[in-house]
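Residues per chain, in single letters:
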Amino acid sequence: MGAHDVHDEQDTARTLRAISGELSDRFYERDDVVRTLVVTLLAGQHSLVLGPPGTAKSEMARELTGRIEGASYWEILLSKFTSPTRMFGPIDVAALARGEYRQVYDGRATTAHIAFIDEIFKCSTAALNETLGYLNERIYHPESGGEPISCPLIGAITASNELPSGEDLAAIYDRLLVRIEVGYLADPSNFAALVRSAVRRPVPQTRTTIELAALQQAVTDGVPAVEVPDMIVDAVCTLRAALRRRELVASDRRWRQSVSLLQASAYLDGRPAVAENDLSVLTHVLWDSPAERPAVEREVLQLVNPDAKEALDLADVIEELETQLDAMAGQSREALSEWVIKKAHNKLAMAGKRLEKLRLEAAGSGRSTAAIDRVAGRQRAVRARVLTEALGMDASMVQAQL
């Protein structure tokens, strides 16, 4: 790779980091989601955003894909009745009147560089095989037969409110390498900011974009050129063994495909080789059901970061306090105040101080602080809930204290 090429690749990575930053600022509590979606596109893979309605899944996908200048974008909301021709190309009625059978592909999945498929697991039986071929091999078999059409798809972002049921849909689920869970906003102060944003006139946002050609160059040349050192291969083997001990087994294909994600993560950060920090993206790859995700996350983060085990232990303490707060719903303000004074306040304060120290140590050693930051975000969210729900403080006052 020449000096000019390296400069171009650095420019592309910088632009994508700017886009990630702008989207993270816009969508509260979605930093990791946004970064993971960008990494997945860079790796030329497909992602699933899994969560209840109203968690900005569609909006995030549109906002990200809308930043790619010159890309053909296709979006669809699937139902059990969606026909393959509606997805891949309707019949040309005018041609049919002349006795010709033709499909119109423009503006459909067949010509798209980026696809957003909402409610992916409502895919109809009729469209299932074509959708699998589209995601897996980037091809479409025309209704009239003949040669399969090669599709320019870089990657698909899919979304669903629920996991698939039935073996047919499990095949689609397996094609979605990256699985990201999203929930409703946890931090009351972020929720207050969201409500305020609905009544304030929006301030014009900076809107960084990237050229399609630059993204395609990164996917086909830049990302595959990122080095994968032997120590990373060893770490992946160690992780696989640790997960197998917990009876968490991913297919060989998923492990192999995940290498491109590690390379894409390093590329996005502007690094020429994969580092241990990049392994954290695997927390979104190696689970099948959401119940398995915490165990996968613990194994991955303990391997990546010596600070992670303590951070995750603190996350357990914070989670337990939130469970206690939920269980006390409906109790008197006096009982809630007593619980805050005797239990919650000290535990949350100690967790906050320890996380701050862990973050300083990790940053000082050049290690990723992503896991610690995420747990610290949970600590702030639970503390804000305690202050607003148990002590009756106003959410805007809480924001000033955090």
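Definitions and cut-offs
Residues numbered from 1 in each chain as written. Predicted model: local features only at pLDDT ≥ 70, side-chain atom pairs only at ≥ 80, totals over all residues. Heavy atoms only, no water. Helix = DSSP H or I, 4+ residues; strand = E, 2+ residues; numbered from the N terminus. Rg over C-alpha atoms; globule rule 2.2 N^0.38 Å. Buried < 20%, exposed > 50% of the residue type's maximum accessible area, 1.4 Å probe, protein only. Contact = heavy atoms within 4.5 Å. 1 Å grid on protein atoms, 1.4 Å probe; cavity = no way out; pocket = protein on both sides within 12 Å on 5 of 7 lines; lining within 4 Å. Points joined across faces, edges and corners; volume = space filled by probe spheres on them. Nonpolar A, V, L, I, M, F, W, Y, C, P; charged D, E, K, R; others polar. Pairing = 2+ DSSP bridges. Patch = residues over 30% accessible without salt bridge, like charges linked within 9 Å, V, L, I, M, F, W, Y side chains within 5 Å. Areas by Shrake-Rupley, 256 points an atom, 1.4 Å probe, with all protein chains shown as cover. Salt bridge = Lys/Arg side-chain N within 4 Å of Asp/Glu carboxyl O. Expected span 1.5 Å × (residues − 1). Lys, Arg positive; Asp, Glu negative; His and termini not counted. Polar contact = N/O pair within 3.5 Å; in protein donor to acceptor, adjacent residues only side chain to side chain. Axes fitted to C-alpha atoms, helices over the stretch in contact; angles between N-to-C directions.

A. Inspection of the overall build of the protein at higher detail. For the protein, the count of helices and strands is 16 helices and 9 strands. Its C-alpha atoms give the protein a radius of gyration of 23 Å, within 12% of the compact-globule value 21 Å for 402 residues. Expressed along its principal axes, the backbone C-alpha trace of the protein runs to roughly 80 × 50 × 45 Å. A total of 402 residues make up the protein; the buried ones form 47% of that total. Counted over contacts in the protein with a minimum sequence separation of 6, partners at least 24 positions apart contribute 75%.

B. Looking closely at empty space enclosed by the protein. Taken as a whole and assessed by the stated rule, the structure comprises 1 cavity of 30 Å³ or more. Roughly 60 Å³ of internal volume is contained in the largest cavity. Residue lining of the largest cavity: Leu16, Ile19, Val38, Leu41, Leu64, Arg67, Ile68, Ile210 and Leu215, and that is the complete set. Elements supplying a minimum of two residues to the lining of the largest cavity: helix H1 (3-26) and helix H2 (31-42). Considering only residue class, the lining of the largest cavity consists of 8 nonpolar, no polar and 1 charged.

C. Representation of the pairing of strand E3 (residues 73-77) within the structure. Here E3 shows a buried face lined by Trp74 and Ile76 and an unburied face lined by Tyr73, Glu75 and Leu77. Summarising the sheet, E3 and strand E4 (residues 114-118) pair through 5 bridges and their orientation is parallel. Bridged to Glu75 within E4 is Phe116.

D. Region of interest: a nonpolar patch on the surface. Side chains of Phe191, Leu194 and Val195 sit close together on the surface and give an oily, nonpolar patch of about 270 Å² of accessible area. Mapped onto the elements, Phe191 comes out in helix H8 (residues 188-199).

E. Broad picture of helix H12 (residues 293-304). Its 12 residues place the ends of H12 16 Å apart at the C-alpha level, agreeing with the 16 Å of an ideal helix rising 1.5 Å per residue. Within the sequence span of H12, burial applies to Ala295, Val296, Glu297, Arg298, Glu299, Val300, Leu301 and Val304. Where H12 is buried, its residues meet helix H10 (230-245), helix H13 (308-327) and helix H15 (370-390).

F. Summary view of the pattern of salt bridges. Counting across every chain of the model gives 31 salt bridges. Between Arg67 and Glu63 there is a salt bridge, and its shortest N-O distance comes to 3.0 Å. Since its relative accessible area comes to 4%, Arg67 is described here as buried. Since its relative accessible area comes to 13%, Glu63 is described here as buried. Here Arg175 makes a salt bridge to Asp174, at a shortest N to O gap of 3.8 Å.

G. Inspection of the side chain of Lys57 at higher detail. Secondary-structure assignment places Lys57 in helix H3 (residues 57-65). Within the buried core, Lys57 has no salt-bridge partner, and the shortest N-O distance to an opposite charge, that of Asp118, equals 6.0 Å. Polar contacts involving the side chain of Lys57 include one to the main-chain carbonyl oxygen of Gly51, which spans 3.0 Å. Setting aside residues up to four positions removed in sequence, Lys57 forms contacts with Val49, Leu50, Gly51, Pro52, Phe116, Ala159, Ser160, Asn161 and Val182.

H. Structural context of the packing of H12 against H13. Two numbers describe how H12 lies on H13: the axes approach to 8 Å, and their chain directions differ by 145°. Between H12 and H13, the residues in contact are Arg298, Leu301 and Gln302 and Ala308, Lys309, Leu312, Asp313 and Asp316, respectively. Each residue belonging to the contact of H12 with H13 can be placed in one class, and the counts come to 3 nonpolar, 1 polar and 4 charged.

By themselves, these are just geometric observations and shouldn't be taken as functional.
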